Amino acid sequence: MIGMDRLVATDFALLAGQRVGVIANPTSVDHRMRHLVDLMHVGGRVSIAAVFGPEHGFRGSAQAGFSEGPQADARTGLTVYDAYTASEADWARMFAESGTQTVVFDIQDVGARFYTYIWTLYDSMCAAAGLGLRYVVLDRPNPLGGNAFGPVLQRQFGSFVGRREIAQQHGMTVGELARFYNARFLSTPVELEVVPCAGWRREALPDLPWVMPSPNMPTMQTALVYPGTGMFEGTMLSEGRGTTRPFELIGAPGLDHRWADRLNARNLPGVVFREAYFRPTFQKFADELCAGAEVRVLDVSTFDSIGTAVAMLVEASRYEAFRWREDGWIDKLTGSSRLRTMVDQGADLPEIAATWRVELAEFDDQRRPYLLYR
């Protein structure tokens, strides 16, 4: 049972007498696919001050890198603020303007540091703490389970795809992240309450009815590969946006069948690669034929998305078609210049992965006191 189900079962008793600002998107639904804001609104069960829409918007109509803009929600008539990329100061202004007393956060995360909803959580927590507001997180399982993988962000590379020092695949729920942020990163802690899930064990992948958290996250399979193949956003190769398999299909006009062959020859754990050809309908190489590979996860218990994607980058760098984006986006995604530099220097997966072993172990130790599930 997710946190939202537990709150609804009490008829929202936790929010009685408060003006509530809700941070939500299309994933904010219960086991019957009823939306949190709609349930709150019916019969005035909760006094809703405003709704705040993250990247892709409250109702989910915007593509990557966009939001729906400020508006009145067509279904409820509630004021919806555009909160995508909002700074702490922006959040403080919106909370004050709306008269919010308690903030409720209920969004399904996918477990990767560069998925922006967890930084919407962080920035809004900072603002709520500064205003002395109460903050309630309705928890949901991490679809990738509870283990952390990959490099930890270096603070000087902080951005909206990674504000603070957590692992690339953080292995935490939003409720656990909120507890971690509150204790380690907020100079003034917020009055925080997490409504936990019941019955979820962190070592098991959750049996969730999947609602797309964003337009290019159509399935649980997409989420499994995303912490790794999301790094291809930092290259000039297509990460599969504009196809029906974003982040599972990777390629470019200058690649060929040998890329998948070389990757399969590595016998990476839990994964195989299919030679693939596709024409994206938008973004990189729109309407152009791309050659590349489809990433197929065979065993989730042994699959390492980030290690797999590093091997893919190393093998892709053999091609003339391979280039990093000139804006340094790969450094923001990976949290340092280390991966880019080492790939350029010809380093391979074992050497690259060894560079984050110590910092990942330290992060594991740091997060342990704030974990809610076994």
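Let me sum up the structure you'll find in this document.

Rules and cut-offs
In this convention, every chain numbers its residues from 1, walking through the sequence in written order. It should be noted that, the model being predicted, local features are given only for residues of pLDDT at least 70 and side-chain atom pairs only at 80 or more, the latter also being counted only at that level, while totals for whole chains, interfaces and linings use all residues. Values shown for side chains rest on all heavy atoms present in the structure; no hydrogens or waters enter the calculation. Only protein chains enter the accessibility calculation, which uses a 1.4 Å probe; a residue is then buried when its area is under 20% of its type maximum, exposed when over 50%, and partly exposed in between. A run of DSSP states H or I qualifies as a helix once it reaches four residues; a run of E qualifies as a strand once it reaches two. Both are numbered from the N-terminal end. Should any heavy atoms of two residues lie within 4.5 Å, those residues are counted as being in contact. Structural elements are reduced to axes, namely lines fitted to C-alpha atoms, with helices fitted over the stretch in contact, and the angle between N-to-C directions of any two is expressed from 0 to 180 degrees. Here the angle decides the label: under 35 degrees means roughly parallel, over 145 means roughly antiparallel, 65 to 115 means roughly perpendicular, and every other value means oblique. Each crossing gets its hand from how the near helix is turned against the far one by less than a right angle, where anticlockwise is left-handed and clockwise is right-handed. Residues were grouped as follows: Ala, Val, Leu, Ile, Met, Phe, Trp, Tyr, Cys and Pro as nonpolar; Asp, Glu, Lys and Arg as charged; and all remaining residues, including Gly, as polar. Pairing of aromatic rings covers Phe, Tyr and Trp, the last through its six-membered ring, and needs centres within 6.5 Å; plane angles under 30 degrees mean stacked, over 60 mean edge-to-face, and all others mean tilted. Two strands are said to pair when DSSP picks up at least two bridges between them. Note on handedness: a crossover is taken as right-handed if, strands pointing away from the viewer, the path from the first strand over the helix to the second is clockwise. Salt bridge, as used here: a side-chain nitrogen of Lys or Arg that lies within 4 Å of a carboxyl oxygen of Asp or Glu.

1. Side note on helix α5 (residues 174-184)
Burial of α5 is extensive: 8 of the 11 residues sit out of reach of the surface. Taken together, the buried positions of α5 are occupied by Val 174, Gly 175, Glu 176, Leu 177, Ala 178, Phe 180, Tyr 181 and Asn 182. Among the structural elements, β5 (102-106), α4 (117-131), β6 (134-138), β9 (191-195) and α12 (357-367) are those in contact with the buried residues of α5.

2. Some points on the packing of helix α6 (residues 220-229) against helix α8 (residues 305-316)
One can describe the packing of α6 onto α8 by two numbers: an axis separation of 7 Å at closest approach and a directional angle of 55 degrees. Classified by the angle their axes make, α6 and α8 are oblique. Every pair of crossing elements has a handedness; the one defined by α6 and α8 is right-handed. Across the interface between the two elements, Leu 224, Val 225, Tyr 226, Pro 227, Gly 228 and Thr 229 of α6 pack against Ser 305, Ile 306, Ala 309 and Met 312 of α8. By residue class, the composition of the contact of α6 with α8 is 7 nonpolar, 3 polar and no charged.

3. Digging into the packing of aromatic side chains
As enumerated under the stated definition, the model contains 20 aromatic pairs in all. With centroids separated by 5.3 Å and ring planes inclined at 80 degrees, the aromatic side chains of Tyr 122 and Tyr 181 adopt a geometry described as edge-to-face. On the criterion of sequence distance, the pair formed by Tyr 122 in helix α4 and Tyr 181 in helix α5 is long-range, its members being 59 residues apart. One exposure class covers both Tyr 122 and Tyr 181, and it is buried. Aromatic pair Tyr 122 and Phe 185: ring centres 6.5 Å apart, planes at 80 degrees, arrangement edge-to-face. With Tyr 122 in helix α4 and Phe 185 in the loop between α5 and β9, this pair connects stretches of sequence that are 63 residues apart. Here Tyr 122 and Phe 185 have matching classes, each one buried. Put simply, the rings of Trp 119, Tyr 122, Phe 180, Tyr 181, Phe 185, Phe 363 and Tyr 370 pair up and form one aromatic cluster.

4. Examining the pairing of β6
β6 sits mainly inside the fold: 5 of its 5 residues count as buried. Of the pairings in the sheet, the one linking β5 to β6 comprises 4 bridges and is parallel in character. Pairing of Val 104 across the sheet is with Val 136, part of β6. Assessed by its sense of winding, the connection that carries the chain from β5 through α4 to β6 is right-handed. The sheet contact formed by β6 and β9 spans 5 bridges and is parallel. Among the inter-strand pairings, Val 137 is bridged to a residue of β9, identified as Val 194.

5. Considerations on unusual backbone geometry
What you tend to see is this: most non-glycine residues have negative phi, and most peptide bonds are trans. At Phe 12, a residue that is not glycine, the phi angle is positive and equals roughly 65 degrees. In this fold, Phe 12 is placed in the loop between α1 (3-9) and β1 (19-24). Within the chain, Asn 267 stands out as a residue other than glycine whose phi angle is a positive 50 degrees. Considering the arrangement of structural elements, one finds Asn 267 in the loop between α7 (257-265) and β11 (271-278).

6. As for the pattern of salt bridges
The final tally for this structure, using the stated rule, is 26 salt bridges. Salt-bridge contacts for Asp 256 lead to Arg 258; the nearest nitrogen and oxygen are separated by 2.5 Å. Classification of Asp 256 by relative accessible area gives buried; the value is 17%. With relative accessibility at 42%, the residue Arg 258 sits in the partly exposed group.

7. Focus: the environment of Val 314
Topologically, Val 314 is positioned in helix α8. Sequence spacing of Val 314 and Gly 346 is 32 residues, and the spatial spacing of their C-alpha atoms is 7.6 Å. Beyond its immediate chain neighbours, meaning those up to four positions away, Val 314 contacts Arg 266, Val 343, Ala 347, Asp 348, Leu 349 and Ile 352.

8. Some details on the sheet that holds strand β12 (residues 290-297)
With antiparallel pairing, the 3 strands of this open sheet are ordered in space as β10-β12-β11. Looking at which strands have only one partner, the edges of the open sheet turn out to be β10 (249-252) and β11. Neighbour to neighbour, the strand axes of the sheet diverge by 25 degrees on average, direction disregarded. Relative to β12, β10 is paired through 4 bridges, and the arrangement is antiparallel. Following the sheet pairing, Leu 249 is matched in β12 by Glu 294. Packing against the sheet, α6 makes contact with β10 and β12, and its axis sits at approximately 115 degrees to β12. This element, α7, spans β10, β11 and β12 of the sheet and lies at about 175 degrees to β11.

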